[in-house]
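Each chain, written out:
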Amino acid sequence: MKSKDNTNRFLESLKEQDPSFEWKEEAIAAEYRTNEGGGTSLILSVLSILGGILATLAFLGFVFMAGLYKSVAGQIALSMTLIGFGIWLSRQYGRVFLDTLSVTGFISGLMLLVMALVSYELDLSSSFVSVITIVVSLIAIALAQTRVLTFICVLIINGCMLQLILSNFAYGILDIFTAGMAVLVTLVYVNEAKIIAAGPLPASLYSPVSIGLALSFVSCFAFFGLQRYTGISLSNGWIPSIVIIVAILYVVYRVLYTLHATKFRYAILVAVALVLLPAAFAPAITGSLLVLLLGFYVNHKTTFVLGILSFIYFVIQYYYDLELTLLVKSIVMFASGILFLLLYFFTNKKLAADEKI
Amino acid sequence: MGDIGREDIHIIGKHSNWQAGEIDKALKRSIYNDKPSWRRFIRILLITLGVGFTVSGIVFFFAYNWADLHKFAKLILVQGLVLGAAGFVIFSKSGMLIRQVTLTGAAILTGVLFAVFGQVYQTGANAYDFFLAWTIFLTLWVLVSGFPPLWLLFIILINTTLILYYQQVTYHWSEQLINLILFTLNVLILTGLTMLSKRRKLQVPEWLLHVLALWVVSVATYGICTGIFKKASVPFIVLIVLTVICYGAGVRLALQEKRIFYPAIISFSLIIIITCFLIDVSTNEGMFLIISGFVVGSVTLVVKKLMDLQKSWQDEVKG
């Protein structure tokens, strides 16, 4: 976040360009008052979340050692109070330094609730409990509207969806869910301006929801990349992978359009498609590439770094798991390496020539 | 157009009748990457993938136990590749970036060379002396390269060598001692890089300093936390003293440079250490409630304090 003065100058310039432009001065000033001094600082959010998790663990330790879990009714009452407290604190004050407290209240309440619902006395199915958790998280997002709590709720909802799919052995649906997440993430990242303009709620939820969705998407395709270790055997993942490749082509097209690169537009798209085709059975690799590309397109550092790390990890994992002799692996990698180097030398000339013009 | 960030655009969009098309224009002008950035990105992506895959292809080729080749032929092949890559770096007229990436490739090939050497002469592929040799022979390249990713590789190698040395050779070293040595060594590297960067002798990217600082703080936290549950020893006490000094220096430096990264990770490390200390004192239910309250309270206080600091720095800039 830059300073309020900069923003005021910027507002004036917008007004000059378009006389019908109007803004709520008081609301904007209030926004700066609550957030000034690092409202958006990543390290502070990470600190709040880690602190919240640590405190939750200690608190749950206390609840169990004190035997508070023995009465289900009491446990549910306590969990509701904690969830309500977490949401209320966020909604009422919306201050960044209170995030740890509201996160601790919310997560420990939610965990107590889940444990009460699956306990011996109530014995509800895990699917039903997942649905309840999703509903509670959605309510929390709608009411609290703060960054950290929204981000955590997005991750919780994604986790519950995965739990629903996996505990019911509906592995085929994971293909469709992952493909759907690819589409959703792409649309959210590419349409930042439209979503911001859509209203106050989408505008304030945009940042935490977008990074939360990106992280959730990574967790979805990770199941395909790590099949060997999770013991959950899925399809070979061609459905999500094809959708992801189409999404990548769409983003590349948008980039070319934005940069006014009309020359070779279709040749570039075909080349990208051809390079990606061998990865058609590796949604983890194409998915990481999509995240990386989206992060760079909108210049969002966290998303970009997430994409790079997951790309490096899943490429290594892929070749490690590949059931080929080392000789064949070595030939495949050497050939791809040479291909990328050729592309580099080819485009380098083109890019350099472009620069001179 | 003025200096405007993504967050500002979101706030204005939230409280105005700004049209989507206009927001899109503002985002593209002030936030999104422009043509030169994309050019740079594509070049780095292709060159890294190219050199990365080619080098891994070669590594896999040597990992594949091809029995027909004579041992000298194997060694000559890898040495030839290392020399070829190094020759390219020295004599090629290509851009700086491709030469730096190729040098990093050659650095990894040097590891392959020692692995092949180990394979031929049966020294084992994960012995500490393999990593030691690799580290020593990279030193000169690392110094002249001016390429931070290669520095990171070098720092990882030094740490790996030390940890393997501890595991394979020194049975009489305590865990505390190796933690102390790792901490001291990495602190020295971090201090050196920070000094060089402050005196403008060397351009050290922030991410490298942050990764290194995170590693240093993790080693200190782990060392002290595991030490708390054991009998006090000399290395443990030295580690505590050094940690206190380094944390103090880290916070001081951060206050001078007006950055909150160091204070944030140092505070969190201290919170974890104090939590471990509390658990060591007692593990009954009351203590867990106290810990929960302590963590929430301390993190809240730290975040509030750091926000106030940032605000005062912002005001200074304005004033």
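What you see is a predicted model, and the numbers here were worked out from it, not measured in a lab.

A separate point is the overall build of chain B. Counting its regular elements, chain B contains twelve helices and zero strands. Counting from the amino terminus, chain B carries its helices and strands in the arrangement α-α-α-α-α-α-α-α-α-α-α-α. Taking 2.2 N^0.38 as the reference for a compact globule, 319 residues should give roughly 20 Å; the C-alpha atoms of chain B span a radius of gyration of 25 Å, well beyond that estimate. Seen through its principal axes, chain B has C-alpha atoms that stretch 70 × 65 × 40 Å. Here chain B, with 319 residues, has 34% of them falling under the buried criterion. If you take every contact in chain B between residues at least 6 apart in sequence, the share linking residues at least 24 apart comes to 64%.

Listed as interface residues are 68 residues of chain B and, on the opposing side, 76 residues of chain A. Put simply, the parts of the chain that give the side of chain B that touches chain A at least two residues each are α1 (6–14), α2 (20–30), α3 (35–63), α11 (261–281) and α12 (285–318) of chain B. Take the side of chain B that touches chain A: its biggest share by element is 19 residues, from α12(B). The residue inventory of the side of chain B that touches chain A, partitioned by class, reads 36 nonpolar, 18 polar and 14 charged.

Turning to the packing of helix α10 (residues 200–225) of chain A against α1(B), a few remarks are in order. With their axes 8 Å apart at the nearest point, α10(A) and α1(B) run at an angle of 165° to one another. With respect to each other, α10(A) and α1(B) are oriented roughly antiparallel. Taken as a pair, α10(A) and α1(B) cross one another with a handedness that is left-handed. Contact residues: α10(A) offers A:P200, A:A203, A:S204, A:Y206 and A:S207, while α1(B) offers B:H10, B:G13 and B:K14. Class assignment for the residues of the contact of α10(A) with α1(B) results in three nonpolar, four polar and one charged.

By the element assignment, A:A203 lies in helix α10. In this structure the C-alpha to C-alpha distance between A:A203 and A:V188, which are 15 residues apart in sequence, comes to 12 Å. If sequence neighbours within four positions are ignored, A:A203 has contacts with A:I196, B:H10, B:G13 and B:K14.

Of the residues in chain B, 95% reach a pLDDT of 70 or more, and the chain-wide mean stands at 87. We note a pTM of 0.87 for the whole complex and an ipTM of 0.83 for its interfaces.

Residue and element names in this part refer to chain B. Along its 24 residues, helix α8 (residues 175–198) runs 34 Å from first to last C-alpha, staying within 8% of the 34 Å computed at 1.5 Å per residue. Taken as a whole, α8 has its buried residues at Q176, N179, L180, L182, F183, N186, V187 and L190. The secondary structure elements touched by the buried residues of α8 are α7 (148–168), α9 (206–228) and α10 (234–257). In the segment just after α8, R200 is the residue with positive phi, at about 65°.

Moving on: the environment of A:V188. All names here are of chain A. Looking at where V188 falls in the secondary structure, it is placed in helix α8 (residues 171–190). Sequence-wise, V188 and V209 are 21 residues apart; in three dimensions their C-alpha atoms are separated by 8.9 Å. Setting aside chain neighbours within four positions, we find V188 in contact with I195, S210 and L213.

Attention shifts here to helix α6 (residues 128–145) of chain B. Residues and elements named next belong to chain B. In a regular helix each residue adds 1.5 Å, so 18 residues correspond to 26 Å; α6 covers 25 Å between its end C-alpha atoms and thus fits that length. Three or more residues of α6 are buried, namely F131, W134, T135, L138 and V142. Lining the buried residues of α6 we find α5 (96–120) and α7. At the exit of α6 stands G146, carrying a positive phi of roughly 65°.

Residues and elements named next belong to chain A. Non-glycine residue Q145 carries a positive phi angle of around 55°. Mapped onto the elements of the fold, Q145 is located in the loop between α6 (126–144) and α7 (147–167). Residue F169 is not a glycine yet carries a positive backbone phi of 55°. Within the secondary structure, F169 sits in the loop between α7 and α8.

Quick look at the environment of A:L44 now. Residue and element names in this part refer to chain A. As for its position among the elements, L44 is in helix α3 (residues 42–65). Under the C-beta neighbour-count criterion, L44 is labelled buried, with 25 such atoms within 10 Å. Along the chain, L44 and F97 lie 53 residues apart, while their C-alpha atoms are 8.5 Å from each other.

Below, the discussion takes up the packing of α10(A) against helix α14 (residues 283–297) of chain A. Residue and element names in this part refer to chain A. Viewed as axis vectors pointing N to C, α10 and α14 meet at an angle of 160°, and their least axial separation amounts to 8 Å. The orientation of α10 relative to α14 falls into the category roughly antiparallel. Of the two possible hands of crossing, α10 and α14 adopt the one that is left-handed. Counting all contacts with α10, which are made through A214, F217, V218, F221, A222, F224 and G225, the residues of α14 involved are P283, A284, G287 and V291. Partitioned by chemical class, the residues of the contact of α10 with α14 number nine nonpolar, two polar and no charged.

The rules behind each value
Residues numbered from 1 in each chain as written. Chains lettered and ligands numbered in written order. Predicted model: local features only at pLDDT ≥ 70, side-chain atom pairs only at ≥ 80, totals over all residues. Helix = DSSP H or I, 4+ residues; strand = E, 2+ residues; numbered from the N terminus. Rg over C-alpha atoms; globule rule 2.2 N^0.38 Å. Buried ≥ 20, exposed ≤ 12 C-beta atoms within 10 Å, placed from the backbone. Contact = placed C-beta atoms within 7 Å. Nonpolar A, V, L, I, M, F, W, Y, C, P; charged D, E, K, R; others polar. Axes fitted to C-alpha atoms, helices over the stretch in contact; angles between N-to-C directions. Parallel < 35°, antiparallel > 145°, perpendicular 65-115°, else oblique. Left-handed = near helix turned anticlockwise from the far one by under 90°. pLDDT = per-residue confidence, 0-100. Expected span 1.5 Å × (residues − 1).

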